[in-house]
Amino acid sequence: MSRVRSLGRALPVVAGAATLALGAGVAAAGTGTHAVTGKLTAAQEVPKPTGVARTAGGSFTATLRRGTRTTLTWKLTFTGLSGRALQAHVHLGRRGVAGPVAIALCGPCRSGATGTARITRQVADAIENGRAYVNVHTARNAAGEIRGQLAVKVR
């Protein structure tokens, strides 16, 4: 009898842990607020840029809000580029792979640029699953001078 009672007590704990795990997956994919970050460097850019100073770099921070409307509220900073930042975008693509533009951020751009974009569920999924990056384009490096793969932290 004692064994049955201890199993009876353990079962709700296991079921509760499974429910929490399933609930966390649903929240991450369905609704919620997520912090998004990316550290931009020339070394991550594909194809490799030319004439870029070692000090070229930047950061991208954003809040991804999923719900009835999915939005990305962002800030982009950068320094040490070979020239003016002509454009910046969020692209779809895994690390080391160039991909299509998903969100136009600014153009021309100044460090400290901010904005909010309404995005599709597919773009939000790509951001949440490490399949999106931000890059900044210059005249010298029209395909991109600095790039940062995006990472998400569920709040």
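Above this text you will find the structure in question.
In this report, we go over the structure that sits alongside the text. Just so it is clear, the structure is predicted and the values come from calculations on it, not from any experiment.

**Side note on the environment of Pro 49**
Mapped onto the fold, Pro 49 is located in the loop between strand 1 (32-41) and strand 2 (57-66). Residue class for Pro 49 comes out buried when judged on its relative accessible area of 17%. On a C-alpha basis, the gap between Pro 49 and Ala 142 in space is 8.9 Å, while along the polypeptide they are 93 residues apart. Ignoring any residue separated from it by four or fewer positions in sequence, one finds Pro 49 in contact with Ala 42, Asn 141, Gly 144 and Glu 145.

**What to know about the pattern of salt bridges**
If you walk through the whole model with that rule in mind, you get 2 salt bridges. Two residues, Asp 125 and Arg 66, come together in a salt bridge whose shortest N-O distance is 2.7 Å. With a gap of 59 residues between them, Asp 125 in helix 2 (residues 121-128) and Arg 66 in strand 2 connect regions that are remote in the sequence. Given the relative accessible area of 25%, Asp 125 is considered partly exposed. A residue is classified by how much of its surface remains accessible, and Arg 66, at 7% relative accessible area, is buried. For the salt bridge of Glu 128 with Arg 66, the shortest nitrogen-to-oxygen distance reads 2.8 Å. You can see Glu 128 sitting in helix 2 and its partner Arg 66 sitting in strand 2, a full 62 residues away along the chain. Connected via shared salt-bridge partners are Arg 66, Asp 125 and Glu 128.

Rules and cut-offs
Residues numbered from 1 in each chain as written. Predicted model: local features only at pLDDT ≥ 70, side-chain atom pairs only at ≥ 80, totals over all residues. Heavy atoms only, no water. Helix = DSSP H or I, 4+ residues; strand = E, 2+ residues; numbered from the N terminus. Buried < 20%, exposed > 50% of the residue type's maximum accessible area, 1.4 Å probe, protein only. Contact = heavy atoms within 4.5 Å. Salt bridge = Lys/Arg side-chain N within 4 Å of Asp/Glu carboxyl O.

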